[in-house]
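# Structural characterization, general
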Amino acid sequence: MNFVANNTSSNNLHLVTALQEERSAVWALYCQLAEMKPFSSENAIRPMLSEFSQLLIDYISFGHFSIYEHLIAEKQHQTSALSHAEKIYPAFSSITASAVTFSDTYDDGRRKFNTENLAQDLSMLGERLAERMELEDRLCSMLLH
């Protein structure tokens, strides 16, 4: 029984660490993109924006499908943890949708995009990501305890 508890605890720590690494990579690339203002040359920004969009989707998916779903599965008999996770879910899901929309808008190599709205869209995404990180911290805390 103790081995199972330790194994679960170790797995949870691994998930949280992996999420934090993904988050750091996304945020670092986000900051590099934001520093490229003004966004005048579409060709110069497109490769970095494409890389960022792909990393963003990986990060968002990991948080959504690995952390959140793992927490729900593990805490299914703890009604307070489930209740809290369920309260977080609408905001969590909304931020996921915002990130997917951003990626769909700016990571499509077959069409040109207008950099005119990029600064505003990037700023809004940054705010949503900061909110997401706070929610993830709460979910990770529940997962580790």
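Please refer to the structure higher up on the page.
Residues numbered from 1 in each chain as written. Predicted model: local features only at pLDDT ≥ 70, side-chain atom pairs only at ≥ 80, totals over all residues. Heavy atoms only, no water.

### Examining the overall build of the chain
We count it as follows: Segments assigned H or I by DSSP are reported as helices when at least four residues long, segments assigned E as strands when at least two residues long, and all are numbered from the N terminus. Throughout this description, buried means an accessible area under 20% of the type-specific maximum (1.4 Å probe, protein chains only), exposed means over 50%, and partly exposed covers the range between. Two residues qualify as a contact provided that any one of their heavy atoms is within 4.5 Å of a heavy atom in the partner residue. In short, Shrake-Rupley with a 1.4 Å probe defines the accessible areas, and a residue's cover is counted only from the protein chains shown.
The number of helices and strands found in the chain is 4 helices and 0 strands. From first element to last, N terminus to C terminus, the chain shows the α and β order α-α-α-α. Expressed as a percentage of its 145 residues, the buried residues of the chain come to 38%. A separation threshold of at least 6 residues defines the contact pool for the chain, and within that pool the share at least 24 residues apart is 79%. Surface summary for the chain: the accessible area is close to 8300 Å², and the carbon and sulfur share equals 52%.

### Some words on helix H3 (residues 79-106)
Let me state the cut-off plainly: Expected span of a helix: the number of residues minus one, times 1.5 Å. Note that the bend at a residue is defined as the angle between axes fitted to the seven residues ending at it and the seven residues starting at it.
If you check H3, its first and last C-alpha atoms are 40 Å apart, about what 28 residues at 1.5 Å a residue would give, namely 40 Å. At Tyr89, H3 shows its largest kink, close to 35°, and the proline Pro90 lies no more than four residues downstream. Buried residues of H3: Ala81, Leu82, Ala85, Ile88, Phe92, Ile95, Thr96, Ala99, Phe102, Ser103 and Tyr106, and no others.

### Some words on the environment of Leu71
Structurally, Leu71 can be placed in helix H2 (residues 42-74). Between the C-alpha atom of Leu71 and that of Ala81, which follows or precedes it by 10 residues, the distance is 8.6 Å. Excluding residues within four positions of it along the chain, Leu71 makes contact with Ala85, Leu139, Met142 and Leu143.

### Digging into unusual backbone geometry
Put simply, Lys37 and Pro38 share a cis peptide bond, and its omega is -5°. In this structure, Pro38 sits in the loop between helix H1 (2-34) and H2.

### Considerations on the packing of aromatic side chains
Stated precisely, the cut-off is as follows: Any two rings among Phe, Tyr and Trp, with Trp reduced to its six-membered ring, count as a pair given centres within 6.5 Å; such a pair is stacked if its planes are under 30 degrees apart, edge-to-face if over 60, and tilted if neither. Look at NZ for Lys and CZ for Arg. If either is within 6 Å of the ring centre and within 35 degrees of the ring normal, a charge sits over the ring.
Enumeration over the complete set of coordinates arrives at 6 aromatic pairs. Seen in terms of ring centroids, Tyr30 and Phe52 are 6.2 Å apart; in terms of plane orientation they differ by 50°. Their pairing is tilted. Pair noted here: Tyr30 is in helix H1 and Phe52 is in helix H2, with a separation of 22 residues, a long-range link. In this structure, Tyr30 and Phe52 share a single accessibility class: buried. Through successive ring pairs, a cluster of aromatic residues spans Trp27, Tyr30, Phe52, Phe102 and Tyr106. Over the aromatic face of Phe92 sits the side chain of Arg132, whose NZ or CZ is 3.8 Å from the ring centroid.

### Looking at the nonpolar core
To keep it simple, the criterion reads: To qualify as a nonpolar core, a set must consist of buried Ala, Val, Leu, Ile, Met, Phe, Trp, Tyr and Cys residues joined through side-chain atoms within 4.5 Å.
By size, the foremost hydrophobic cluster in this structure holds 37 residues, and its most contacted members are Phe52, Leu56, Tyr59, Ile67, Phe102, Leu129 and Leu139. Contributions of two or more residues to this core are made by H1, H2, H3 and helix H4 (118-144). With residues near it in sequence (within four places) discarded, Leu129 still touches Val26, Trp27, Leu56, Tyr59 and Ile60.

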